[in-house]
Amino acid sequence: MRTSTSSRNRTTRAVRAAAAVCAGALALSLTACGGDDNDSGNEQGGSGQETADTVTLPKLNGKSLEVAAVWTGAEQENFKKVLAEFEKRTGAKVTFVPAQDPIINFLGSKVAGGQPPDIAMLPQPGAIKQAVDKKWAKPLGAEAIKELQENYSQGWQDIGKVDSKQYGVYYKAANKSLIWYNAQVFENAGATEPKTWDELLTTAQTVYDSGVTPFSVGGAEGWTLTDWFENVYLSQAGPEKYDQLARHEIKWTDPSVKDALTTLAQVWGKKDYVAGGADGALQTDFPASVTQVFTGGDQPKAAMVYEGDFAQVNITQAKAKVGTDAKVFPFPTVGDTAPVVSGGDAAVILQDSEAAQALATFLASPDAATIQAKLGGYLSPNKNVPNSAYPNEVQQKIAKALIDSGDDFRFDMSDQAPQAFGGTPGKGEWKALQDFLKNPSDVAGTQQKLEADAAAAFGN
């Protein structure tokens, strides 16, 4: 997740996420895409800044905190509303510190200067491990752990642990196995929602024949390309191979990687299937890749865009209505089962104090997550957030599918890798897949580059 509109990567060997969520149930839940944006049914007010108190917090008048995250735009503004509620309840003053990717490098400069933030929102399990290895991260206290145990499945607790000690609160999650589409374009073309990869290719051709480019790809940001690969690979190669590749127990020169890249090339390798072709895609950032699908009336730059539930923020910015103008279907089955890939952002304490522990406790509670859930473009792994808090039927069903999966999900593979391989712009997996987008015929060369970079980063 740089989650969501942020970045991604890292491996915590404690990731025990198991098989894929029931794809059939998810498919059923995502096809009915209606819903009133004001249909919340919980106790929050319309501002999203009020919620019922389920957690007791100390009085912290006069205390100040800094929270660093890579979030920008609406994502940042919505999180600030959560911080404002914490200020209201405790009397503390909380300042949001905009961070740059990769956040570990940003934090390193802050630590070296003697001014680390009190809490950092880390987008990768491996980033948590790095922070622990560098002795920056501080363990969570008893109150925060109590909230985690009450509100999170064991799998979500485990990915915030290093050496069996709890460091991270996974405040934000993502369902990264979704394809969003322009409903009017599909209707005009007579296209239907595909369930398999072959059906996706058929749908793409149908859309193309109607005069609209099928896919928008945000290739300027390498993490979107790793997400494409992971969904294809998980479904085609299966969860066991996925886990092995995530830990670099098999090489990137493995035939299973060749199969996945060859499959991806069926979309990336057709110039007319990608808005702007490869060169255009490599100049398109993630927000633009979404908004260009939902602007331009019934002649947008593309009909579909792959990305997680968090794309709803950008869809709304395009003045499109989720469930009416913008609809969604699960990432199609490439192999035996449809993939369910998740990501997340975890709150990690860097400066231990009563105030920092209190904020971590608050972020582990349903109270904090319910505020941001109501604002849209957000998904929480907290099982005690009322489903009605989410602002539309689409997101309610995406959230329910994630919670119902329990521990049966796979965490983003690049988020599990060392940052040098899976989470650094212009390097490693991000760069190799950007080069592959530009030249999808070079499967073998891409595998060799991926393996060389992975071996260097993993040290094996």
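What comes next is a walk through the structure. (Residues numbered from 1 in each chain as written. Predicted model: local features only at pLDDT ≥ 70, side-chain atom pairs only at ≥ 80, totals over all residues. Heavy atoms only, no water.)

## What to know about the overall build of the chain
So, point 1. Across its full length, the chain carries 20 helices and twelve strands.
So, point 2. Here the chain holds 460 residues, and 61% of them are scored as buried.
So, point 3. Across the chain, contacts joining residues at least 24 apart in sequence account for 80% of those joining residues at least 6 apart.
So, point 4. For the chain, the exposed area adds up to about 16300 Å²; of that, 47% sits on carbon and sulfur atoms. (Helix = DSSP H or I, 4+ residues; strand = E, 2+ residues; numbered from the N terminus. Buried < 20%, exposed > 50% of the residue type's maximum accessible area, 1.4 Å probe, protein only. Contact = heavy atoms within 4.5 Å. Areas by Shrake-Rupley, 256 points an atom, 1.4 Å probe, with all protein chains shown as cover.)

## Some words on the packing of aromatic side chains
So, point 1. Counting across every chain of the model gives 24 aromatic pairs.
So, point 2. Residues W156 and F411 carry aromatic rings whose centres are separated by 6.1 Å and whose planes lie at 70° to one another, so their mutual orientation is edge-to-face. Within this pair, whereas W156 is found in helix α6 (residues 154-158), its partner F411 is found in strand β12 (residues 410-411), the two being separated by 255 residues in sequence. Pair check on accessibility: W156 and F411 agree, each one buried.
So, point 3. Look at W252 and F421: their rings are 5.4 Å apart centre to centre, the planes differ by 65°, and that puts the pair in the edge-to-face class. Of this pair, W252 sits in the loop between α10 (239-246) and α11 (255-268) while F421 sits in helix α18 (residues 419-422), placing them 169 residues apart in sequence.
So, point 4. Judged by its relative accessible area of 2%, W252 is buried.
So, point 5. Among the aromatic residues, those joined into a ring-pair cluster are W197, F215, W228, W268, Y306, F331 and F436.
So, point 6. The ring of W71 is capped by K172, whose NZ or CZ atom sits 5.3 Å from the centre of that ring.
So, point 7. It is K270 that lies over the ring of Y273; its NZ or CZ is 4.4 Å from the centre. (Phe/Tyr/Trp six-rings, centres within 6.5 Å; stacked < 30°, edge-to-face > 60°. Lys NZ or Arg CZ within 6 Å of the ring centre and 35° of its normal.)

## Side note on empty space enclosed by the protein
So, point 1. Summed over the entire model, instances satisfying the criterion amount to three cavities of 30 Å³ or more.
So, point 2. In this structure, the second largest cavity spans a volume of roughly 40 Å³.
So, point 3. Residue lining of the second largest cavity: S216, V217, G218, T224, W228, F286, S289, V305, Y306 and E307, and that is the complete set.
So, point 4. Elements with a minimum of two residues in the lining of the second largest cavity: α9 (222-237), α13 (286-291) and β9 (304-306).
So, point 5. In terms of residue class, the lining of the second largest cavity is built from five nonpolar, four polar and one charged. (1 Å grid on protein atoms, 1.4 Å probe; cavity = no way out; pocket = protein on both sides within 12 Å on 5 of 7 lines; lining within 4 Å. Points joined across faces, edges and corners; volume = space filled by probe spheres on them. Nonpolar A, V, L, I, M, F, W, Y, C, P; charged D, E, K, R; others polar.)

## Concerning the pairing of strand β1 (residues 64-69)
So, point 1. Direction of pairing for β1 relative to strand β2 (residues 93-98): parallel, over a ladder of six bridges. Residue pairing across strands places A68 opposite V97, the latter belonging to β2.
So, point 2. Once the chain exits β1 it traverses helix α2 (residues 73-90) before rejoining the sheet at β2, and the crossover so formed is right-handed.
So, point 3. Bridge count for β1 against strand β3 (residues 119-122) is two bridges, and the pairing is parallel. Opposite A68, over in β3, you have A120 as the bridge partner. (Pairing = 2+ DSSP bridges. Right-handed = clockwise from strand over helix to strand, strands pointing away.)

## Notes on the packing of helix α5 (residues 142-151) against helix α15 (residues 354-363)
So, point 1. Look at α5 against α15: their axes get within 8 Å of each other, and the N-to-C directions meet at 5°. Judged by the inter-axis angle, α5 sits roughly parallel to α15. Counted together, E143, A144 and E147 of α5 and Q357, A360 and T361 of α15 form the full contact between these two elements.
So, point 2. Partitioned by chemical class, the residues of the contact of α5 with α15 number two nonpolar, two polar and two charged. (Axes fitted to C-alpha atoms, helices over the stretch in contact; angles between N-to-C directions. Parallel < 35°, antiparallel > 145°, perpendicular 65-115°, else oblique.)

## Section: the layout of surface pockets
So, point 1. By volume, the largest pocket amounts to about 280 Å³.
So, point 2. Along its surface, the largest pocket is lined by 17 residues, and Q312, T316, L375, G376 and P391 are the ones closest to its centre.
So, point 3. Those elements giving two or more residues to the lining of the largest pocket turn out to be α2, α14 (311-317) and α16 (366-375).
So, point 4. Per-element accounting of the lining of the largest pocket gives the leading share, four residues, to α14.

## Examining the environment of S235
So, point 1. Turning to its location among the elements, S235 is positioned in helix α9.
So, point 2. The class for S235 is buried, based on a relative accessible area of 3%.
So, point 3. Once residues within four sequence positions are removed from consideration, S235 is found in contact with P332, T333, V334, G335, D336, T337, A338 and P339.
So, point 4. A distance of 3.0 Å separates a polar side-chain atom of S235 from the backbone nitrogen of G335. (Polar contact = N/O pair within 3.5 Å; in protein donor to acceptor, adjacent residues only side chain to side chain.)

## So, the pattern of salt bridges
So, point 1. Evaluated as defined, the whole model comprises 18 salt bridges.
So, point 2. One salt bridge in this structure joins K176 and D412, with 2.2 Å as the shortest N-O distance. One end of the pair, K176, is in the loop between β6 (168-175) and β7 (178-182); the other, D412, is in the loop between β12 and α18, and 236 residues separate them in sequence. Accessibility classification places K176 together with D412 in one group, the buried group.
So, point 3. The shortest N-O distance in the salt bridge between D254 and K241 comes to 3.3 Å. With D254 in the loop between α10 and α11 and K241 in helix α10, this pair connects stretches of sequence that are 13 residues apart.
So, point 4. Judged by relative accessible area, D254 falls into the buried class, the value being 16%.
So, point 5. One network of salt bridges, with partners in common, ties together D53, E85, R89 and D367. (Salt bridge = Lys/Arg side-chain N within 4 Å of Asp/Glu carboxyl O.)

## Quick word on the side chain of Q447
So, point 1. Tracing the sequence through the fold places Q447 in helix α20 (residues 443-458).
So, point 2. We classify Q447 as buried; its relative accessible area is 6%.
So, point 3. Here the side chain of Q447 touches W252 through a polar contact of 3.0 Å, landing on its backbone oxygen.
So, point 4. Setting aside chain neighbours within four positions, we find Q447 in contact with W252, T253, D254, V257, K258 and L261.

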